[in-house]
Amino acid sequence: MKFFLDTANLDEIRSAAEFGVIDGVTTNPTLVAKEGRPFRELILAICDILPRGVINAEVVSTDTAGMLREGRELASWHPNIAVKIPMTSDGVRALYVLAGEGIRVNVTLCFSAAQALLVAKAGAYIVSPFIGRLDDIGQDGLVLLREILEIYRVNNFPVLAASLRHPIHVIEAAKMGAHIGTLPSKVFEQLFKHPLTDRGLETFVKDWEKARGVLGEIIEPATTPKRGR
Ligand code: G3P
């Protein structure tokens, strides 16, 4: 499963990029608004940090004509940009046209298998079911993800598991075969953690320190070469 980072924060993206495991970024109007800087400049800075990543930028119009204008504009900023379009009738009309022009469209705010099937047929590059937001209203988001993946596997369409809120969401999405999971930085950082790792490392360091005099150093201090040899 590919990892996208679900943020528009450049520091978070820079820091996660250092691990070499981030394949792209998803932004949305809420995440972009938090950063308080010009949209184009922000998206291009993200493209610079991840030159091989897929960078998702979302339209804010709600009518087809507006989405088409914005979608074409966003796609013209950088070849790595995928355009996010909301799952509405106007959105699907815009998706069909943009996909026909070779623009990658990620259909966002997907909450049902019927919606997912529809947008795959209309030519979406990817669909984004929002797992955590279904959990928030008392439905199991992972059930929806399983259902969409089953349909998509049969029909060979890719799925992006979005709104992942904790490592279990990430693990389950990967086990089910989601093609991409988009993670907020907090969830990405949680993937590194296990208390037994911390405890084990603490013991290794302590035991080594106790026996250091006998063990010597892994890296011996550099010796000054003797002259005249
Ligand atoms: O970027 C879309 C999605 O991942 C949002 O997640 O946590 O706001 O429901 P969340």
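Preceding this paragraph is the structure being described.
Residues numbered from 1 in each chain as written. Predicted model: local features only at pLDDT ≥ 70, side-chain atom pairs only at ≥ 80, totals over all residues. Heavy atoms only, no water.

*Asks:* Account for the packing of helix H4 (residues 64–77) against helix H5 (residues 89–100), with residues named and values stated.
*Replies:* Their axes nearest at 8 Å, the elements H4 and H5 cross at an angle of 40 degrees. Comparing their axes, H5 and H4 come out oblique. Crossing handedness for the pair H4 and H5: right-handed. Seen from H4, the contacting residues are Thr 64, Met 67, Leu 68, Gly 71 and Arg 72; seen from H5, they are Asp 90, Gly 91, Arg 93, Ala 94, Val 97 and Leu 98. Split into classes, the residues belonging to the contact of H4 with H5 amount to 5 nonpolar, 3 polar and 3 charged. (Axes fitted to C-alpha atoms, helices over the stretch in contact; angles between N-to-C directions. Helix = DSSP H or I, 4+ residues; strand = E, 2+ residues; numbered from the N terminus. Parallel < 35°, antiparallel > 145°, perpendicular 65-115°, else oblique. Left-handed = near helix turned anticlockwise from the far one by under 90°. Contact = heavy atoms within 4.5 Å. Nonpolar A, V, L, I, M, F, W, Y, C, P; charged D, E, K, R; others polar.)

*Asks:* Hey, could you go over the site of the ligand for me, with residue numbers and the actual values?
*Replies:* Taken together, Asp 6, Asn 28, Lys 84, Phe 130, Arg 133, Ala 162, Ser 163, Arg 165 and Thr 182 make up the full set of residues near the ligand. Take Lys 84: an N or O atom from its side chain is 3.4 Å from an oxygen atom of the ligand. Here the residues of the shell around the ligand sort into 2 nonpolar, 3 polar and 4 charged. (Near = heavy atom within 4 Å. Polar contact = N/O pair within 3.5 Å; in protein donor to acceptor, adjacent residues only side chain to side chain.)

*Asks:* Pulling in residues and values, what's your account of helix H1 (residues 10–17)?
*Replies:* Every buried residue belonging to H1 is among Leu 10, Ile 13 and Ala 16, and all of these are buried. Angularly, the buried residues of H1 cover 135 degrees about the axis, an arc narrow enough to put them on a single face. On its buried side, H1 packs onto strand S1 (2–6), strand S2 (24–26), helix H3 (39–49) and helix H10 (185–190). The distance from a side-chain oxygen at the start of H1 to the backbone nitrogen of Asp 11 is 3.1 Å, and the residue carrying that oxygen is Asn 9. (Buried < 20%, exposed > 50% of the residue type's maximum accessible area, 1.4 Å probe, protein only. Arc of directions from axis to C-beta.)

*Asks:* So what about the nonpolar core? Which residues, and what values?
*Replies:* As a rule of thumb, nonpolar side chains are buried together in soluble globular proteins. If you look at the biggest cluster of nonpolar residues, it comprises 61 residues, and the most contacted ones within it are Val 119, Leu 145 and Ile 148. Beyond its immediate stretch of four places on either side in the chain, Ile 148 contacts Cys 110, Ser 112, Ala 113, Ala 116, Val 127, Pro 129 and Val 159. Within the second largest apolar cluster, 8 residues are counted, among which are Phe 4, Val 54, Ala 82 and Ala 162. (Core = buried A, V, L, I, M, F, W, Y, C linked by side-chain atoms within 4.5 Å.)

*Asks:* A description of the pairing of strand S8 (residues 180–183) should follow, citing residues and the corresponding values.
*Replies:* What you see with S8 is no split at all: Ile 180 and Thr 182 on one side and Gly 181 and Leu 183 on the other are buried throughout. Looking at chain direction, S1 and S8 are connected through 4 bridges and run parallel. Counterpart to Phe 3 in the pairing with S8 is Gly 181. Taken together, strand S7 (residues 160–161), helix H9 (residues 167–176) and S8 constitute a β-α-β crossover, and its handedness is right-handed. (Pairing = 2+ DSSP bridges. Right-handed = clockwise from strand over helix to strand, strands pointing away.)

*Asks:* Give me the lowdown on the pairing of strand S5 (residues 105–110), citing residues and values where you can.
*Replies:* Regular strands show a simple pattern: their side chains alternate between the two faces of the sheet. Counting buried positions along S5 gives 5 out of 6 residues, so the element sits mostly inside the fold. Handedness of the β-α-β unit built from strand S4 (residues 81–86), H5 and S5 comes out right-handed. By the bridge criterion, 3 bridges tie S5 to strand S6 (residues 126–129) in an arrangement that is parallel. Pairing of Val 107 across the sheet is with Val 127, part of S6.

*Asks:* Break down the side chain of Asn 106 for me, with residues and values.
*Replies:* Position of Asn 106 among the secondary structure elements: in strand S5. Overall, the relative accessible area of 0% leaves Asn 106 in the buried class. At a separation of 3.0 Å, a polar atom in the side chain of Asn 106 contacts the side chain of Asn 56. Dropping the residues within four chain positions of it, Asn 106 is found in contact with Thr 26, Asn 56, Val 83, Lys 84, Ile 85, Tyr 125, Ile 126, Val 127, Ser 128 and Leu 160.

*Asks:* Give me the lowdown on unusual backbone geometry, citing residues and values where you can.
*Replies:* Residues other than glycine seldom take positive phi values, yet Leu 109 does so here, at roughly 60 degrees. With respect to the element layout, Leu 109 can be found in strand S5. Given a relative accessible area of 33%, Leu 109 falls into the partly exposed group. The phi dihedral of Ser 163 falls on the positive side, at around 60 degrees, and the residue is not glycine. Summarising the element assignment, Ser 163 is placed in the loop between S7 and H9.

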